[in-house]
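# Tertiary structure, described
Okay, here's what each chain looks like letter by letter:
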Amino acid sequence: MKAPRVTLDQWRTLQAVVDHGGFAQAADVLHRSQSSVSYTVARMQEQLGVPLLRIDGRKAVLTEAGDVLLRRSRQLVKQASQLEDLAHHMEQGWEAEVRLVVDAAYPNARLVRALTAFMPQSRGCRVRLREEVLSGVEEVLKDGMADLAISALNIPGFLGAEMSTVEFIAVAHPDHALHRLQRVVTFQDLETQMQVVIRDSGRQQPRDVGWLGAEQRWTVGSLATAATFVSNGLGFAWLPRHLIERELKDGLLKPLPLDHGGSRNPLFYLYSNKDKPLGPATQILVELIQRFDAAPLHAAFAAPLPSA
């Protein structure tokens, strides 16, 4: 890649000339001599081979090419400034990245709110979000590949902070054979039907969660796929209520009238990497995750304005 001929300082100088109305004014703002400012701009024009300013009376105004280049340069200078700020924050212990692994059953709406609120405070820190199912979260955390983890499992050797529960309900299509019984459904009734279950993404010790007594069972890779199968009449499943609200409202899914066990409410936990101290950005994200986890899922939320 060819090295740029024009420096960031030169672009800043041109911006000052335009923004403050002339060479003398720019010189005052930049604490430089007027001749130095004039030379910098003239040198820029030579290097670029394009006239950037023209004299209109006593005032220097942008040419058409200068206007285009100046607008592009503002973003360039801003990004360079942000890069320098990020380096400064990293020197002070601010993380460049936070790695968050989440069980796919946890409501995305809560995460969206927490991450939206985190953005203006992030100082350039990125969030790497990873979704896993059941023990997949545990494996990622134990392998040191996550700074934070959200799971409904009690992970040995880690102390998790309690969060909210997620309601799972047993559902099937309204025309499913179980609903056509038109009575309370028992586990004996379930045994004759196909159950749709979600595959544990963990590889070392995958787990089965929920009743698995059906003679026929189909295993799928995601909650969304399970919801699609069941809402089209293919079996029954226990699914998070927040994920299937539209299907319930549209009549594509209907809760099974089980005599017991039709609903379960596992408690979720927020874990942190015990081998790595929480940096300032991670601590802020923890506070935001906990704050929005405690808020009503459907409460009004105003996204903060992006930082300037």
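Up top is the structure these notes are about.
This report concerns the structure included in the present document. (Residues numbered from 1 in each chain as written. Predicted model: local features only at pLDDT ≥ 70, side-chain atom pairs only at ≥ 80, totals over all residues. Heavy atoms only, no water.)

Right, let's talk about the overall build of the chain for a bit. From N to C terminus, the chain includes 11 helices and 13 strands. Expressed as a percentage of the 308 residues in the chain, the buried residues total 40%. Restricting to contacts in the chain with at least 6 residues of sequence separation, those with at least 24 account for 72%. Entry remark: accessible area of the chain is about 17,400 Å², with carbon and sulfur atoms responsible for 51%. (Helix = DSSP H or I, 4+ residues; strand = E, 2+ residues; numbered from the N terminus. Buried < 20%, exposed > 50% of the residue type's maximum accessible area, 1.4 Å probe, protein only. Contact = heavy atoms within 4.5 Å. Areas by Shrake-Rupley, 256 points an atom, 1.4 Å probe, with all protein chains shown as cover.)

This next bit is on the packing of helix α1 (residues 8-20) against helix α3 (residues 34-48). Look at α1 against α3: their axes get within 9 Å of each other, and the N-to-C directions meet at 120 degrees. Helix-helix and strand crossings are classified by hand; for α1 and α3 the assignment is left-handed. Each of Q10, W11, T13, L14 and V17 in α1 lies in contact with α3, whose residues at this interface are V37, T40, V41, R43, M44, Q47 and L48. Of the residues belonging to the contact of α1 with α3, the class tally is seven nonpolar, four polar and one charged. (Axes fitted to C-alpha atoms, helices over the stretch in contact; angles between N-to-C directions. Left-handed = near helix turned anticlockwise from the far one by under 90°. Nonpolar A, V, L, I, M, F, W, Y, C, P; charged D, E, K, R; others polar.)

A separate point is unusual backbone geometry. Here the phi dihedral of R123 falls at roughly 55 degrees; this positive angle occurs in a residue that is not glycine. Within the element layout of this structure, R123 appears in the loop between α5 (108-118) and β4 (126-132). With a relative accessible area of 44%, R123 lands in the partly exposed category. For L134, which is not glycine, the phi torsion reads 50 degrees and is therefore positive.

Moving on: the sheet that holds strand β6 (residues 161-165). Ordered by their spatial adjacency, five strands build an open sheet running β4-β3-β5-β13-β6, and the pairing between neighbours is mixed. Strand pairing shows two members of the sheet lacking a second neighbour, β4 and β6, which therefore form its edges. Within the sheet, the average angular offset between the axes of one strand and its neighbour, ignoring direction, is 20 degrees. In terms of strand pairing, strand β5 (residues 148-151) meets strand β13 (residues 267-272) through four bridges, oriented antiparallel. Residue pairing for β13: L148 is matched across the bridge by S272. Set on the sheet, α5 makes contact with β3 (97-103), β4, β5 and β6; between it and β4 the angle comes to about 170 degrees. Each of β3, β4, β5, β6 and β13 touches helix α11 (residues 280-294); the most contacted strand, β5, lies at about 20 degrees to it. (Pairing = 2+ DSSP bridges.)

With seven bridges connecting them, β3 and β4 associate as parallel partners. The residue of β4 that forms the bridge with E97 is R126. Running through α5, the crossover from β3 to the neighbouring parallel element β4 is right-handed. (Right-handed = clockwise from strand over helix to strand, strands pointing away.)

Moving on, we come to the pairing of β3. Of all seven residues that make up β3, seven are buried, and the element is covered over most of its length. Going residue by residue along β3, you find E97, R99, V101 and D103 tucked away on one face and V98, L100 and V102 tucked away on the opposite face as well. Sheet topology places β3 next to β5; three bridges connect them, and they run parallel. In the sheet register, L100 faces β5, and the bridge partner there is L148.

Below, the discussion takes up α1. Helical geometry note: an α-helix holds 3.6 residues per turn, so side chains three or four residues apart project in the same direction. Taking 1.5 Å as the rise per residue, α1 with 13 residues should run 18 Å; its terminal C-alpha atoms sit 18 Å apart, in good agreement. Of the residues trailing α1, G21 is marked for its positive phi of about 90 degrees. (Expected span 1.5 Å × (residues − 1).)

Inspection of every chain in the model, using the stated rule, returns one cavity of 30 Å³ or more. The computed volume of the largest cavity comes to approximately 30 Å³. Looking at the largest cavity, the residues that line it are D147, K276, P277, L278, G279 and T282. Across the lining of the largest cavity, the residue classes tally to two nonpolar, two polar and two charged. (1 Å grid on protein atoms, 1.4 Å probe; cavity = no way out; pocket = protein on both sides within 12 Å on 5 of 7 lines; lining within 4 Å. Points joined across faces, edges and corners; volume = space filled by probe spheres on them.)

Scanning the model with the defined rule gives 12 salt bridges in all. For the salt bridge of K142 with E138, the shortest nitrogen-to-oxygen distance reads 2.9 Å. Of this pair, K142 and E138 both sit in helix α6 (residues 135-142), four residues apart, which is roughly one turn of the helix. Residue classification places K142 among the partly exposed positions, given a relative accessible area of 43%. (Salt bridge = Lys/Arg side-chain N within 4 Å of Asp/Glu carboxyl O.)

Moving on to the nonpolar core. Counting residues in hydrophobic clusters, the biggest one holds 51 residues, and the most contacted among them are L148, I150, L190, F236, L239, L256 and I289. Ranked by the residues each element gives to this core, the list is headed by α11, at seven residues. Among the domains, domain 2 (97-161 + 271-293) and domain 3 (168-264) are the pair contributing at least three residues each to this core. Setting aside residues no more than four positions away along its own chain, L239 makes contact with E167, F168, I169, V171, I198, L223, A226, A227 and I244. Of all hydrophobic cores here, the second largest spans 16 residues; its members include A16, M44, L53 and L70. (Core = buried A, V, L, I, M, F, W, Y, C linked by side-chain atoms within 4.5 Å. Domains from an automatic or database assignment.)

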